[in-house]
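Structural characterization, general
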Amino acid sequence: MVASDRLVRSMPLWRLAFRPFFLLGAAFSLLAMLVWGAFWHGQSLLQPYGGMLWWHQHEMLFGFTAAIVVGFLLTAVQNWTGQAGLSGAPLLALAGAWLLGRWLIAFPQDLPPLWLASLDMIFLPLAAGVLAWPVIRVRQWRNLVFVPVLLVLALANALTHVALFAGDPLLLRGAMYLAVLLIALLMTILGGRVIPFFTSRRLQRPQASRPAWLERFSIGGVAALALLQLASLAGWIAPGAVWAGVAMIASVANTIRLLRWQGWLSWRDPLLWGLHVSYAFVCLGLAMWGVAALGWVPASLAIHALTVGGMGTMMLAMMARVALGHTGRPIAAPKGIGIALGLMVTAAVLRAVMPALWPQVTHLTLSFAILAWSLAYALYLSLYAPVLLRKRVDGKPG
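Summarised in this report is the structure supplied together with it. (Residues numbered from 1 in each chain as written. Predicted model: local features only at pLDDT ≥ 70, side-chain atom pairs only at ≥ 80, totals over all residues. Heavy atoms only, no water.)

**What about the layout of surface pockets?**
Rolled over the atoms, a probe with the dimensions of a water molecule shows which regions are left empty. Rules: Using only the protein atoms, space was sampled on a 1 Å grid; points where a 1.4 Å probe fits but cannot get out form cavities, open sets with protein on both sides within 12 Å along at least five of seven lines form pockets, and lining residues are those with an atom within 4 Å of a point. Grid points are joined across faces, edges and corners, and a volume is the space filled by probe spheres set on the points. Think of it this way: any DSSP run of H or I at least four residues long counts as a helix, any run of E at least two long counts as a strand, and we number them from the N terminus. Residues are grouped as follows: Ala, Val, Leu, Ile, Met, Phe, Trp, Tyr, Cys and Pro are nonpolar; Asp, Glu, Lys and Arg are charged; every other residue, Gly included, is polar.
In this structure, the largest pocket spans a volume of roughly 680 Å³. In terms of lining, the largest pocket is formed by 26 residues, of which the most central are His56, Gln57, Ile303, His304 and Arg351. Those elements that place two or more of their residues in the lining of the largest pocket are helix 2 (18-40), helix 3 (51-81), helix 8 (169-203), helix 12 (299-325), helix 13 (337-357) and helix 14 (362-389). Sorting elements by how many residues they give to the lining of the largest pocket places helix 3 first, with seven residues. Residue classes in the lining of the largest pocket are distributed as 18 nonpolar, six polar and two charged. When its volume is computed, the second largest pocket comes out at roughly 550 Å³. Of all elements in the fold, only helix 3, helix 8 and helix 12 reach the threshold of two or more residues within the lining of the second largest pocket.

**Points about the nonpolar core**
Note the following rule: Nine residue types can take part in a nonpolar core, namely buried Ala, Val, Leu, Ile, Met, Phe, Trp, Tyr and Cys, and a core is a set of them joined through side-chain atoms within 4.5 Å. Exposure classes here rest on a 1.4 Å probe applied to the protein chains alone. A residue is buried below 20% of its type maximum, exposed above 50%, and partly exposed in between. Here a residue-residue contact requires only that any non-hydrogen atoms of the pair lie within 4.5 Å.
Of all hydrophobic cores here, the largest spans 141 residues; its most connected members are Phe21, Trp289, Tyr377 and Tyr380. Counting residues per element, this core draws most heavily on helix 8, at 20 residues. Those residues in contact with tyrosine 380, other than ones at most four positions away along the chain, are Phe22, Ala26, Leu316, Met319, Ala320, Ala323, Ile337, Ala385 and Leu388.

**Let's talk about the packing of helix 10 (residues 241-260) against helix 11 (residues 270-293)**
When two helices pack together, their arrangement is given by the angle between the helix axes and the distance between those axes. Put simply, the rule reads: Throughout, an axis means a line fitted to C-alpha atoms (over the contacting stretch in the case of helices), and angles, computed between N-to-C directions, take values from 0 to 180 degrees. Throughout this description, any angle smaller than 35 degrees is read as roughly parallel, any larger than 145 degrees as roughly antiparallel, any in the 65 to 115 degree range as roughly perpendicular, and the remainder as oblique. By definition, any crossing whose near helix is turned counterclockwise from its far helix by less than a right angle is left-handed, and any crossing with a clockwise turn is right-handed.
Interaxial distance between helix 10 and helix 11 falls to 7 Å at its minimum, and their mutual angle equals 160°. Comparing their axes, helix 11 and helix 10 come out roughly antiparallel. At the point where helix 10 passes helix 11, the crossing takes the left-handed sense. Residues Trp243, Ala244, Ala247, Met248, Ala250, Ser251, Asn254, Thr255, Arg257 and Leu258 of helix 10 pack against His276, Tyr279, Ala280, Cys283, Leu286, Ala287, Trp289, Gly290, Val291 and Ala293 of helix 11. Of the residues assigned to the contact of helix 10 with helix 11, the class counts are 14 nonpolar, five polar and one charged.

**Some words on the side chain of threonine 313**
How we decide: Side-chain atoms alone can form a polar contact between residues adjacent in sequence; in general such a contact is a pair of N or O atoms within 3.5 Å, and within protein one must be able to donate a hydrogen while the other accepts it.
As for its placement among the helices and strands, threonine 313 is situated in helix 12. The class of threonine 313 is buried, set by a relative accessible area of 1%. In this structure the side chain of threonine 313 is engaged in a polar contact, spanning 3.2 Å, whose partner is the backbone oxygen of valine 308. Beyond its immediate sequence surroundings of up to four residues, threonine 313 is in contact with Gly274, Ser278, Val308, Leu341, Met344 and Val345.

Laid out in structure tokens, this is it:
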């Protein structure tokens, strides 16, 4: 028996990618938010590479979010292609690459910045390669779309390091915006696949149809925003009316898409309404992005509508459901997960909506948003760490 097989048999954590990346990503999110909360209140618990402001932005996108995205995609690709998913020692090595980046950025010691940046940038290209192999092998070109998105996300990560070396705050902001839009694109693609499917299965109703024109405007609108951001980084175009128009089209199209899924029928099931509400925040965030392009609201509010309301909430709901299904458990919301999702929605309202309406209370609402996020992910870990660490209840592999 090879070492990889022994590892898989002895430690369920390394049997499929969702297990380590959901567990480590959620735990990292909790720790990172607690450290950020302390900094927000004047206590510096870290002296990370890049400073606390750079660290917070970078690690919530390329640390926490990247881990959950990769964990989901490398698990889903097994179902898409019929090929065995990454497991054992190779999965341990990929998770190790992710952990190495988080550790070195938090505790840089005397490592040269170029070495540190290079080690941090290993994870996403590796994940893209692992994802591409089974898709190309079975020629399932429809799912190859995720590979270039991950590679451009890796480029955005590299640009955040370049901006830090160059002391260029505009490049840094642009690279972070690009990362947010790329992750929003992933959410519109994946959300459009799984949310109506999960809803129809749970409610035993026909799945909503997908008009081609609506799919093109929903996904294409967000993709166009990401391309505009790339063009902006190259100095070809500046934010303005074009950005606002594209963002509004993307927001309206995705709102129509969301309404067709009839999410209000799922109000009894947190595993469903959490997904629908998170997608509503994606629509809101895109609209706010358009308004911010005209200078009417701070861009940070649009960013946090997408990141806290969209990403943070959708990832929590997705992790909760996927962990049950892929460990052979019934797809039934455990007690407490509804509270966790409610806390995430509260965090999104406090971070993105309340400051837009009453900017004078921003410091207070941000403090409570940090607390709500921390409680939500702490609750998730308390409920799901045993699930992720134990074997499937049905005895099947995975």
